[in-house]
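Residue-level structure breakdown
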Amino acid sequence: MSTNRTFTMIKPDAVEKGHIGAILDKITASGFKIVAMKMTQMSLRDASEFYAVHKERPFFGELVSFMTRGPIVAAVLEKENAVEDFRTLIGSTNPAQAAEGTLRKLFATSVGENAVHGSDSDENAEIESQFHFAGREIF
Ligand code: ATP
Ligand code: MG
């Protein structure tokens, strides 16, 4: 996968609230092309592996429980400078600190339930995309 791609999830809170369409609209209006997408639900094992980097953090249990409580929408997005530009589009982890117009400012409710995931590096974008998609599902 080339470095002009990133991986995202619309998290269970945003799916529950019916924000899938509005979030995808903002993403594509911001110049990202969807090159893979699916609705799926992570198992406890999936979420523990996906967020393994946080396993020593006090919020790990809460994070895994939140991310597995309902379906998510996983997608791979393409744009020049995708990882950094998508992190800018989603805004700060804590929506209270997120800039106006960002996805977390618009759709998130708390630092835990923050609506959207975005990869933090090209390397993690690749790992996370392969975690959720087979090669033939990425276009
Ligand atoms: P993401 O990886 O989901 O895009 P992020 O990179 O902005 O978010 P991370 O530091 O990677 O933030 O944390 C991963 C996720 O763990 C956060 O998005 C949030 O759902 C949860 N989280 C982070 N910090 C806290 C906290 N202090 N309390 C509860 N949940 C938290
Ligand atoms: Mg992160």
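Residues numbered from 1 in each chain as written. Chains lettered and ligands numbered in written order. Predicted model: local features only at pLDDT ≥ 70, side-chain atom pairs only at ≥ 80, totals over all residues. Heavy atoms only, no water.

1. What to know about the overall build of the chain
Heads up, the condition is: In this description a helix means any DSSP run of H or I spanning at least four residues, a strand means any run of E spanning at least two, and both kinds are numbered starting from the N terminus. Atoms counted for the radius of gyration: C-alpha only. Globule rule: 2.2 Å times the number of residues to the power 0.38. Relative accessibility thresholds used throughout: buried, under 20% of the residue-type maximum; exposed, over 50%; partly exposed, between the two (1.4 Å probe, protein chains only).
Along its length, the chain carries seven helices and four strands. When the helices and strands of the chain are listed from N to C terminus, the series reads β-α-α-β-α-α-β-α-α-β-α. Over its C-alpha trace the chain gives a radius of gyration of 14 Å, about what one expects of a compact globule, namely 14 Å for 139 residues. Along the three orthogonal principal directions, the C-alpha set of the chain runs to about 35 × 35 × 25 Å. Taken across its 139 residues, the chain has 43% of its residues classed as buried.

2. What about the layout of surface pockets?
Where we set the bar: Only protein atoms enter the calculation, which uses a 1 Å grid: trapped sets of points that fit a 1.4 Å probe without letting it out are cavities, open sets showing protein on both sides within 12 Å along at least five of seven lines are pockets, and any residue with an atom within 4 Å of a point is a lining residue. Grid points are joined across faces, edges and corners, and a volume is the space filled by probe spheres set on the points.
In this structure, the largest pocket occupies an estimated 730 Å³ of space. Together, 28 residues line the largest pocket, and Tyr51, His54, Phe59, Leu63 and His117 are the ones closest to its centre. Looking at the lining of the largest pocket, the elements that each hand over two or more residues are helix H3 (44–50), helix H4 (60–67), strand S4 (116–118) and helix H7 (122–132). A total of four residues in the lining of the largest pocket trace back to one element, the largest contributor, which is H7.

3. Let's talk about the sheet that holds strand S1 (residues 5–10)
Operational definition: Here a strand pair is declared whenever DSSP counts at least two bridges between the two strands. Lines are fitted to the C-alpha atoms to define the axes, a helix being fitted only along its stretch in contact, and any angle between axes, read from their N-to-C directions, falls within 0 to 180 degrees. We call two residues in contact whenever any of their non-hydrogen atoms come within 4.5 Å of each other.
With antiparallel pairing, the four strands of this open sheet are ordered in space as S2-S3-S1-S4. Edge positions in the sheet fall to strand S2 (33–40) and S4, since each of these pairs with one other strand and no more. Direction aside, the axes of adjacent strands within the sheet are offset by 15 degrees on average. Contacts between helix H5 (residues 82–90) and the sheet are confined to S1, strand S3 (72–78) and S4, with S4 contributing the most and set at about 155 degrees to the helix.

4. Some remarks on the packing of aromatic side chains
To keep things clear, this is the line we draw: When two rings of Phe, Tyr or Trp (its six-membered ring) have centres within 6.5 Å they constitute a pair, described as stacked for plane angles under 30 degrees, edge-to-face for angles over 60, and tilted for the intermediate range.
Tallied over the entire structure, the rule returns four aromatic pairs. Measuring from ring centre to ring centre gives 5.3 Å for phenylalanine 32 and phenylalanine 86, while their planes differ by 85 degrees; the resulting arrangement is edge-to-face. Separated by 54 residues along the polypeptide, phenylalanine 32 in the loop between helix H2 (20–29) and S2 and phenylalanine 86 in helix H5 bring together distant segments of the chain. With respect to burial, phenylalanine 32 and phenylalanine 86 carry one shared label: buried. Here the aromatic rings of phenylalanine 50 and phenylalanine 131 are separated by 5.6 Å at their centres, their planes lie at 70 degrees, and the arrangement is edge-to-face. Placement of the pair is phenylalanine 50 in helix H3 and phenylalanine 131 in helix H7, with a sequence separation of 81 residues. The class for phenylalanine 50 is buried, based on a relative accessible area of 11%.

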